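# Chain and residue survey
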Amino acid sequence: MEMTKRPRRLRSSETLRKMVRETRMDKSSLIYPMFVMDGENRVQEIPSMEGQYRYTTDRMGEELERLADAGVDKVMLFGIPEKKDELGSQAYAEDGIVQRALREGKKQFPDMYFLTDVCMCEYTSHGHCGVLCGQDVDNDETLKLLAKTALSHVQAGADMVAPSDMMDGRVKAIRECLDAHGFINTPIMSYAVKYASGFYGPFRDAAGSAPSFGDRKSYQMDYHNRKEGLKEALTDVEEGADIIMVKPALSYLDVLSEVSKAVQVPVAAYSVSGEYAMVKAGAKMGWIEEEKIICEMAVSTYRAGAGIYLTYFAKELAKFMDEGRIG
Ligand code: PBG
């Protein structure tokens, strides 16, 4: 039989398969999301996210050490405060949980790169991502507090800030505020394309940040929409975002692919808590092979266009990359 094309030829050995891989990854692109909480000498497992913990600042060094050993040198901090109030004042308090974690973390781990999630929902008594005006979140009033929060993170040592609130104009507000205080070189990674998603469920348990009434659909995006994702991404680039994020990852690879083609800045994807929890639960039941799924999820995200990957599996992936199983 005459055949000019035999695609199987390049699949015939592991050596050859590795040589012709189209997607290559590196540990330097991994960011590990990490929860820090008020209090002392406590490490608490998050029930809906087995293997993930909340750390008090005096104990977070244990995890930072493990990350550094695995070759993961970037973390995204999420704060869980003891006290919450209407205006989320612990988000921008000088001695707030993230601010203290940053000072401590930077001192002990000068080579670790610290990003911070900038949002109000972990800090407000009502659990919404901004200031309320009646039942609605007041966009422009919230911008002031977000800018204040971002500035206080940077003053405490944050290397990069990542607003996740989905208010309009927040990148511009944060950029102006950081610049006015001399932090012209601190980058902003915007959670630009963030959908109102059921995949955040376990995170809200972890952070105690579920809204006490209603939902987040008046600020996070409707998942029926693709073009709107592009609009959000392009708007944030115009406002000065240095990196654009798409979130969640797995159900949004189409959006990720388009965004990565449309913008001229690096694109990140966040594999969120629900994605993690599903893998953990399936593996525990013996219904899926955890390692294979972790690798496939990661590679598909990079293949779709992500250059940066935020994942609770960062340590595992770093190991798989070291072992040459992926990458
Ligand atoms: C804060 C924030 C959330 C996540 C990241 N930043 C929760 C939300 O928007 O409800 C979700 C992360 C995850 O699910 O892993 N606004």
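Quick look at the structure, then. Just so you know, these numbers come straight off a predicted model, no measurement behind them.

### What to know about the site of the ligand
- The ligand sits among 18 residues. The nearest are Lys194, Arg204, Lys247, Ser273 and Tyr312.
- Within the side chain of arginine 204, an N or O atom sits 2.6 Å from an oxygen atom of the ligand.
- A distance of 2.6 Å separates an oxygen atom of the ligand from a polar side-chain atom of tyrosine 312.
- Bound to the protein, the ligand loses 100% of the 390 Å² it would expose on its own.
- Those elements giving two or more residues to the shell around the ligand turn out to be strand E9 (189-194) and helix H6 (201-207).
- A class-by-class count of the residues in the shell around the ligand yields 10 nonpolar, three polar and five charged.

### Section: the pairing of strand E12 (residues 308-311)
- Across the two faces of E12 the burial is the same, with Ile308 and Leu310 and Tyr309 and Thr311 all buried.
- As defined by bridge partners, strand E1 (residues 30-37) adjoins E12 across two bridges and the pair is classed as parallel. Within the sheet, the bridge partner assigned to leucine 30 lies in E12 and is tyrosine 309.
- Inspection of the sheet shows strand E11 (residues 267-271) paired to E12 by four bridges, in the parallel sense. Among the inter-strand pairings, alanine 269 is bridged to a residue of E12, identified as tyrosine 309.

### What about the packing of helix H2 (residues 60-70) against helix H3 (residues 97-108)?
- It is at 11 Å that the axes of H2 and H3 come closest, and there the two elements cross at 45°. By the angle class used here, H2 and H3 are oblique. As H2 packs across H3, the resulting crossing turns out to be right-handed. Within the contact between the two elements, H2 uses Met60, Gly61 and Leu64 and H3 uses Ala101, Glu104, Gly105 and Gln108.
- When grouped by side-chain class, the residues that make up the contact of H2 with H3 number three nonpolar, three polar and one charged.

### A word on the side chain of aspartate 159
- Here aspartate 159 is to be found in the loop between helix H4 (139-155) and strand E8 (160-163).
- Here the side chain of aspartate 159 touches lysine 106 through a polar contact of 2.9 Å, side chain to side chain.
- What aspartate 159 contacts, discounting residues up to four positions off in sequence, is Lys106, Met112, Tyr113, Phe114, Thr186 and Pro187.

### Some remarks on the packing of aromatic side chains
- According to the stated counting rule, one finds 11 aromatic pairs in the structure shown.
- With a centroid separation of 5.5 Å and 50° between ring planes, the pair formed by phenylalanine 35 and phenylalanine 203 is classed as tilted. Taken together, the residues span a long stretch of sequence, with phenylalanine 35 in strand E1 and phenylalanine 203 in helix H6 at a distance of 168 residues.
- Residue class for phenylalanine 203 comes out buried when judged on its relative accessible area of 12%.
- Ring geometry for tyrosine 53 and tyrosine 55: centres 6.2 Å apart, planes at 50°, overall tilted.

### Section: the environment of methionine 297
- Among the structural elements, methionine 297 can be located in helix H10 (residues 290-304).
- Sequence spacing of methionine 297 and arginine 226 is 71 residues, and the spatial spacing of their C-alpha atoms is 21 Å.
- If near-sequence neighbours (up to four positions away) are discounted, methionine 297 is found in contact with Leu250, Ser271, Glu275, Val279 and Tyr309.

### Details of unusual backbone geometry
- With an omega dihedral of -10°, the bond running from lysine 247 to proline 248 counts as a cis peptide bond.
- When you line up the elements, proline 248 lands in the loop between strand E10 (243-247) and helix H8 (253-262).
- Residues other than glycine seldom take positive phi values, yet asparagine 41 does so here, at roughly 50°.
- Relative to the assigned elements, asparagine 41 resides in the loop between E1 and strand E2 (43-45).
- For methionine 166, which is not a glycine, the phi torsion comes out positive at approximately 70°.
- Take methionine 166: it is sitting in the loop between E8 and helix H5 (170-180).
- Among the residues examined, methionine 166 registers a relative accessible area of 4% and is labelled buried.

So, how was this worked out
Residues numbered from 1 in each chain as written. Predicted model: local features only at pLDDT ≥ 70, side-chain atom pairs only at ≥ 80, totals over all residues. Heavy atoms only, no water. Near = heavy atom within 4 Å. Polar contact = N/O pair within 3.5 Å; in protein donor to acceptor, adjacent residues only side chain to side chain. Areas by Shrake-Rupley, 256 points an atom, 1.4 Å probe, with all protein chains shown as cover. Helix = DSSP H or I, 4+ residues; strand = E, 2+ residues; numbered from the N terminus. Nonpolar A, V, L, I, M, F, W, Y, C, P; charged D, E, K, R; others polar. Buried < 20%, exposed > 50% of the residue type's maximum accessible area, 1.4 Å probe, protein only. Pairing = 2+ DSSP bridges. Axes fitted to C-alpha atoms, helices over the stretch in contact; angles between N-to-C directions. Parallel < 35°, antiparallel > 145°, perpendicular 65-115°, else oblique. Left-handed = near helix turned anticlockwise from the far one by under 90°. Contact = heavy atoms within 4.5 Å. Phe/Tyr/Trp six-rings, centres within 6.5 Å; stacked < 30°, edge-to-face > 60°.

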